[in-house]
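A closer look at the structure
The chain contents come next:
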Protein chains: 2
Amino acid sequence: MPATLPLAARTSAIAGALAGVLGMLDWRDHLRYEPGICDLVLGDPQEMPLPGFVSSLTRHTQPLNKDWFAYKRSESEARETVATSLREWRGLPFEPTDIALTPGAFGALAVAFRALLDPGDEVVYSLPPWFLYEPMLLSADAVPVKVRVRPEDNDLDLDAIRSAIGPRTRAVIVNTPNNPTGRIYPPATLRALAALLTDASARWGRPIWLISDEPYSRLVFSDAEFHSPSEFYPYTVISYSYGKVLLTPGERVGWLAISPAIPGREQLRQAIEVCQIAAGWLFPSAVLQYAIGDLERLSIDMADLERKRDWVVAELTAAGYQLRSPEGTFYLWVRSPESDDTAFSRRLAERQVLVLPGTICQAPGYFRVSLTADNEMIDRALPVFRAAVAEVTGTVG
Amino acid sequence: MPATLPLAARTSAIAGALAGVLGMLDWRDHLRYEPGICDLVLGDPQEMPLPGFVSSLTRHTQPLNKDWFAYKRSESEARETVATSLREWRGLPFEPTDIALTPGAFGALAVAFRALLDPGDEVVYSLPPWFLYEPMLLSADAVPVKVRVRPEDNDLDLDAIRSAIGPRTRAVIVNTPNNPTGRIYPPATLRALAALLTDASARWGRPIWLISDEPYSRLVFSDAEFHSPSEFYPYTVISYSYGKVLLTPGERVGWLAISPAIPGREQLRQAIEVCQIAAGWLFPSAVLQYAIGDLERLSIDMADLERKRDWVVAELTAAGYQLRSPEGTFYLWVRSPESDDTAFSRRLAERQVLVLPGTICQAPGYFRVSLTADNEMIDRALPVFRAAVAEVTGTVG
């Protein structure tokens, strides 16, 4: 018998792309329960869950009939609820069967990748990205093609996207509001992107898919406005999770929606259900599907989140950090005072403040701060941020 | 723009393999709520859920800390619970990190396929099979290689398995207790299978994986005894779901366990976690992970299930049907009196009795009856079974 296990070679490539993320998760798990730690790494809750979330799950756990916990595909009522909400929210005539219920946006993306991509297909997306697009695309045998956003304003670099599209391009992923930059792409950008994709589709002889990853679309600050790429380009699917707006990522529920503007979309509906089943029955648990009507109406306190944003942005800016105030999400994307963001993150961690190094998002020289922290954590973290930047720039001893 | 959507070609093959199953699910969904219907199609509950299941989920929905609904991978306590249980149950020294919590056995299989199989790898399994191995294997780009069980006793046909194994064989799936036949493979068979796989592994220069799909391993009748293939062959992974023993398949929770007998299994543990993340965060929701300690101790009423088995087997046999009394699962696997099992299933459906045609399990000439039915349904179904066989064989008018 050989010394190494006969594992799938494909998995090795995925493992390589995930190594940094797994290392980060283990590092955080090791430190986060220490007393006094300020855990600003992930979009995880740092306060008790929303009471409305708990009461909804509790209520919907009580069985009303024998089928309560039977096999569920996408439940009709949940689809109807989401379609009704999206009709108003996105201004498109979504039908219930355009909605596939999934275990979070993660599940929605996994299903979309499998329904839309063949092995070797190229998928274009912008850096800094959500740090799991790459391993998920590799898992779907697709080829990630990365461009950078414009450094001056974190908006999409349309010229770069145009240049990256070729005959093997099957899809473009757009994530707005963006994790990690907090940028919401403006209508002008999305309109120009749509024109670009329409041209490229005509040039290469088949429509290029737009995968619009919108888990943060309800986390929009009062000075910004969200527009979905689906308003501008027909060949769009939308992924969404309730885990962000409710801060409950451990309960896996979200959806994949098909734009009603897609001609002949019945084929796509069927392909999505086929992929949900064959990829491991990627439907949410029954209780979470029953709760969707409640979950659609719940949200973390956005006014409080905005207060935290303004507070921390002002403090970090005053301390000498370079960052743009985010328009959405609960993240700040900050230029690292040290070019080695991993070293700077370690420097913060030594003083019990944990952040996400930009290197994990393929954007060295930056770090990400999660504003899901409570006030007390922020109070403890701010002097550490001030001291660390001073240490590096030599402003103070 | 083309008339057909640019969907993934790979999905078409999967859709083809799933077409029969999807048609069956839609047919059943269309009929099952009619008054008087006897729905014996799937392993779905026909009675109210176990109170202990409901109270456990309700209790574990109440948050005890801020991390209650935070991102979860495989929770330490859940892993510890399962490992402790398996040490006694399988007689092998499982460690907590040998257990990956998954959304049911479905999720466990999806993860195992991705961790163990490369595109083009062949996987051998026996017919009649669980009807979703084929689409799931195609979804993992693997090649299904099918052999038949021995018709006289539904035991594994070891000669057929030996002949089916070649240089591209990466894994063999064994499902015991078997869906749909109800057969539990005896130790002698499993020992001989292990010898066969050890020989073949040596011959082809790398270990062949044994994927032991055991979701029914707690549904064992008093006149039978369950043995896991993992007791006999080292390179084994086990998939399990709580959805069968609790009759709650709509709440997605189960596990994939790595045999402690696998040399250097740390690599496999890592590969499994990588695949869980990259395939769409295939971890169960938080509440279901917290509940595992309770779920391990709960079960549907096995004495009552056994009474139903004895009752229905006796009645069907007396009516002229050919079937073996199952040793485990909640299914009866019955020879169809008409060679066209789909036609015979339609004949039963016209009289409001729904069964699973064997054609769905690639075993024409049989049908499957689920014993999850309640007494009243069985009472109504038995005269229909008697009338239908009489009609076909011409015994009675």
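Parameters and conventions
- Residues numbered from 1 in each chain as written.
- Chains lettered and ligands numbered in written order.
- Predicted model: local features only at pLDDT ≥ 70, side-chain atom pairs only at ≥ 80, totals over all residues.
- Helix = DSSP H or I, 4+ residues; strand = E, 2+ residues; numbered from the N terminus.
- Rg over C-alpha atoms; globule rule 2.2 N^0.38 Å.
- Buried ≥ 20, exposed ≤ 12 C-beta atoms within 10 Å, placed from the backbone.
- Contact = placed C-beta atoms within 7 Å.
- Pairing = 2+ DSSP bridges.
- Axes fitted to C-alpha atoms, helices over the stretch in contact; angles between N-to-C directions.
- Domains from an automatic or database assignment.
- Nonpolar A, V, L, I, M, F, W, Y, C, P; charged D, E, K, R; others polar.
- Arc of directions from axis to C-beta.
- Parallel < 35°, antiparallel > 145°, perpendicular 65-115°, else oblique.
- Core = buried A, V, L, I, M, F, W, Y, C linked by C-beta atoms within 7 Å.
- Least-squares fit on C-alpha atoms with pLDDT ≥ 70 in both.
- Expected span 1.5 Å × (residues − 1).

To continue, consider the overall build of chain A. In terms of regular secondary structure, chain A is built from 13 helices and 12 strands. Over its C-alpha trace chain A gives a radius of gyration of 21 Å, about what one expects of a compact globule, namely 21 Å for 397 residues. In chain A, which comprises 397 residues, the share counted as buried stands at 55%. Across chain A, contacts joining residues at least 24 apart in sequence account for 72% of those joining residues at least 6 apart.

Residues and elements named next belong to chain B. A sheet is described by the order of its strands in space; here seven strands give the open sequence E2-E8-E7-E6-E5-E3-E4, paired in mixed fashion. One side of each edge strand has no neighbouring strand; the edge strands of this open sheet are strand E2 (99-102) and strand E4 (143-148). Put simply, the sheet's adjacent strands are angled 20° from each other on average, direction ignored. In this structure, strand E5 (residues 169-175) lies alongside strand E6 (residues 209-213), joined through five bridges in parallel fashion. Each bridged residue has a counterpart across the sheet, and for Ile173 the counterpart in E6 is Ile211. Sitting on the sheet, helix H3 (residues 76-90) touches E2 and strand E8 (254-258), and the angle it makes with E2 is about 120°.

Residues and elements named next belong to chain B. With four of its five residues buried, strand E9 (residues 331-335) lies for the most part within the structure. Of the pairings in the sheet, the one linking E9 to strand E12 (residues 366-370) comprises five bridges and is antiparallel in character. Looking at the pairing, Trp333 lines up with Arg368 of E12.

Residue and element names in this part refer to chain A. For chain A, the domain assignment lists domain 1 (9-50 + 300-393) and domain 2 (70-295). Here the C-alpha centroids of domain 1 and domain 2 sit 26 Å apart. With 30 residues of domain 1 at the interface, the matching set in domain 2 holds 31 residues. Looking at the side of domain 1 that touches domain 2, the elements with two or more residues in it are helix H1 (9-31), helix H11 (302-318), strand E9 (331-335) and strand E12 (366-370). Top contributing element to the side of domain 1 that touches domain 2 by residue count: H1, with five residues. Of the residues in the side of domain 1 that touches domain 2, the class split is 18 nonpolar, six polar and six charged.

Turning our eyes to something else, we now look at helix H12 (residues 341-350) of chain A. Residues and elements named next belong to chain A. Residues of H12 that are buried: Asp341, Phe344, Ser345, Arg347 and Leu348. Taken around the axis of H12, the buried residues stretch over an arc of 155°, which confines them to a single face. Every exposed residue of H12 that faces more than 90 degrees away from the buried side is listed here: Ala343 and Glu350. Considering only its buried residues, H12 is in contact with strand E10 (353-354), strand E11 (356-357), E12 and helix H13 (375-393). Looking one or two residues beyond H12, the residue adopting positive phi is Gln352, at roughly 70°.

Time to look at the packing of H1(A) against helix H8 (residues 266-278) of chain B. Between H1(A) and H8(B), whose axes approach to 10 Å, the crossing angle comes to 75°. It follows that H1(A) is roughly perpendicular to H8(B) by the angle criterion. Residues Thr11(A), Ile14(A), Ala15(A) and Leu18(A) of H1(A) touch H8(B), and the partners they reach there are Gln270(B), Ala271(B), Val274(B), Cys275(B), Ile277(B) and Ala278(B). For the contact of H1(A) with H8(B), the class distribution of residues is eight nonpolar, two polar and no charged.

Now for the nonpolar core. Counting 254 residues, the largest nonpolar core has Val111(A) and Val111(B) as the members making the most contacts within it. Apart from the residues lying within four places of it in its own chain, the contact partners of Val111(A) are Ala100(A), Thr102(A), Leu256(A), Ile272(A), Cys275(A), Gln276(A), Ala279(A) and Leu282(A).

On to the interface of chain B and chain A, then. With 71 residues of chain B in contact, the opposing surface of chain A contributes 71 residues. Of all the secondary-structure elements, those providing two or more residues to the side of chain B that touches chain A are helix H1 (9-31), helix H2 (51-61), helix H4 (104-116), helix H5 (133-139), H8 and helix H9 (286-290) of chain B. Considering each element in turn, the side of chain B that touches chain A owes the most residues, eight residues, to H8(B). Tallied by class, residues from the side of chain B that touches chain A come to 45 nonpolar, 16 polar and 10 charged.

The next subject is the environment of Leu127(A). All names here are of chain A. With respect to the element layout, Leu127 can be found in strand E3 (residues 122-127). For Leu127, a count of 16 C-beta atoms within 10 Å translates into the label partly exposed. Excluding its chain neighbours within four sequence positions, the residues that come into contact with Leu127 are Lys146, Val147, Arg148, Val149, Gln362 and Ala363.

The next thing to look at is the relation of the copies chain B and chain A. For the pair chain B and chain A, the best superposition has an RMSD of 0.0 Å and corresponds to a rotation of 180° with a translation of 0.0 Å parallel to the axis. Both copies of the chain, as the preceding transformation shows, are related through a two-fold rotation axis. For chain B, the smallest separation between a C-alpha atom and the rotation axis is recorded for Thr58(B), amounting to 2.8 Å. A shared binding surface is used by both copies, with 100% of the interface residues of chain B retained as interface residues in chain A.

In this section: H8(B). With 13 residues, H8(B) extends 19 Å from end C-alpha to end C-alpha; this agrees with the ideal 18 Å at 1.5 Å per step. Taken together, the buried positions of H8(B) are occupied by Leu268(B), Ala271(B), Ile272(B), Glu273(B), Val274(B), Cys275(B), Gln276(B), Ile277(B) and Ala278(B). Taken together, the buried residues of H8(B) touch H1 and helix H5 (133-139) of chain A together with E2, H4 and E8 of chain B. Just downstream of H8(B), Gly280(B) is the residue with a positive phi angle, here 125°.

Another point: the sheet that holds strand E8 (residues 254-258) of chain A. Backbone-to-backbone hydrogen bonds pair the strands of a sheet. The strands run either parallel or antiparallel. Residues and elements named next belong to chain A. Strands sit in the order E2-E8-E7-E6-E5-E3-E4 across an open sheet of seven strands; the sheet is mixed. Each edge of the open sheet is held by one strand with a lone partner, namely strand E2 (99-102) and strand E4 (143-148). Averaged over all pairs of adjacent strands, the angle between their axes in this sheet comes to 20°, without regard to strand direction. In terms of strand pairing, E3 meets strand E5 (residues 169-175) through three bridges, oriented parallel. Residue Val124 lies in a different strand from E5, and its bridge partner there is Val172. Sheet contacts for helix H3 (residues 76-90): E2 and E8; angle to E2, the most-contacted strand, approximately 120°. Sitting on the sheet, helix H4 (residues 104-116) is in contact with E2, E5, strand E6 (209-213), strand E7 (236-241) and E8, with an inclination near 155° to E7.

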